[in-house]
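# Per-entry structural report
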Amino acid sequence: LFKSIDVSTWNQMLYVGLLSTLLTSFGQLGAPVPPWDAKLYSYIFALSMSAAVAQIFILITIKEFGALLFATVMTTRQFLSILLSCIIFMHPLTLGQWFGTSLVFGALYYKTFAGGGGKKKGGDHHPLPQNEVPMSSTSSIEAGGPDEPAK
């Protein structure tokens, strides 16, 4: 959707966030608003800020290392969550659940480590200089767009 009109990544995040806010607002029409409670609203603010920062890290990870490595990182996080849940809260997994978990994680790790480790399509990866922020859209980079000089 955004590639055809060459929208920067930051603007994509802004538009998605605004649309999400708009849809959530419409969904909340008629719902009671919680009374003012500083602790409640500080938790809401902290959750919102952590989600925004996480979205930035996700964007940078995918842009710099590719979607496969990002999927591997997120899957590893899920695997550790399952493992800790089993250990800390004594949630048992059946043999079939362990088999399914091993199958999914094993296939992803095989694809990541044996199949290229998350390198992006399109050739060489050129890291950006330390003072540049890696936030231009892929189509701009390939076309030598406004965020990066033509090659």
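See above for the structure.
The present account deals with the structure reproduced in this document. (Residues numbered from 1 in each chain as written. Predicted model: local features only at pLDDT ≥ 70, side-chain atom pairs only at ≥ 80, totals over all residues. Heavy atoms only, no water.)

### Some thoughts on the overall build of the protein
Summing up its helical and strand segments, the protein has five helices and zero strands in all. Secondary structure of the protein in N-to-C order comes out as α-α-α-α-α. Each of the 151 residues in the protein was classed as buried or not, and the buried ones make up 15%. In the structure as shown, the protein presents an accessible area of about 11600 Å², 70% of it carried by carbon and sulfur atoms. (Helix = DSSP H or I, 4+ residues; strand = E, 2+ residues; numbered from the N terminus. Buried < 20%, exposed > 50% of the residue type's maximum accessible area, 1.4 Å probe, protein only. Areas by Shrake-Rupley, 256 points an atom, 1.4 Å probe, with all protein chains shown as cover.)

### What to know about the packing of helix 2 (residues 38-65) against helix 3 (residues 67-88)
Packing of helix 2 against helix 3 brings their axes to within 7 Å, and their N-to-C directions diverge by 135°. It follows that helix 2 is oblique to helix 3 by the angle criterion. Packed against helix 2, whose contacting residues are Ile58, Thr61, Ile62 and Phe65, the element helix 3 presents Ala67, Leu69 and Phe70 at the interface. Across the contact of helix 2 with helix 3, the residue classes break down as six nonpolar, one polar and no charged. (Axes fitted to C-alpha atoms, helices over the stretch in contact; angles between N-to-C directions. Parallel < 35°, antiparallel > 145°, perpendicular 65-115°, else oblique. Contact = heavy atoms within 4.5 Å. Nonpolar A, V, L, I, M, F, W, Y, C, P; charged D, E, K, R; others polar.)

### Describing helix 3
The terminal C-alpha atoms of helix 3, which comprises 22 residues, lie 31 Å apart, in line with the 32 Å expected from a rise of 1.5 Å per residue. Taken as a whole, helix 3 has its buried residues at Phe70, Thr72, Thr75 and Cys86. On its buried face, helix 3 sits against helix 2 and helix 4 (95-114). Phi turns positive one or two residues past the end of helix 3, at methionine 90, with a value near 55°. (Expected span 1.5 Å × (residues − 1).)

### Observations concerning the packing of aromatic side chains
Under the defined criterion, the tally for this structure stands at four aromatic pairs. Where tryptophan 36 meets tyrosine 41, the ring centres are 4.8 Å apart and the plane angle is 10°; that geometry is what we call stacked. A residue is classified by how much of its surface remains accessible, and tyrosine 41, at 24% relative accessible area, is partly exposed. With 4.9 Å between their ring centres and 75° between their planes, phenylalanine 79 and phenylalanine 105 make a pair best called edge-to-face. Of the two residues, phenylalanine 79 is situated in helix 3 and phenylalanine 105 in helix 4; the sequence distance between them amounts to 26 residues. Taking the relative accessible area as the measure of exposure, phenylalanine 79 reaches 25% and is therefore partly exposed. (Phe/Tyr/Trp six-rings, centres within 6.5 Å; stacked < 30°, edge-to-face > 60°.)

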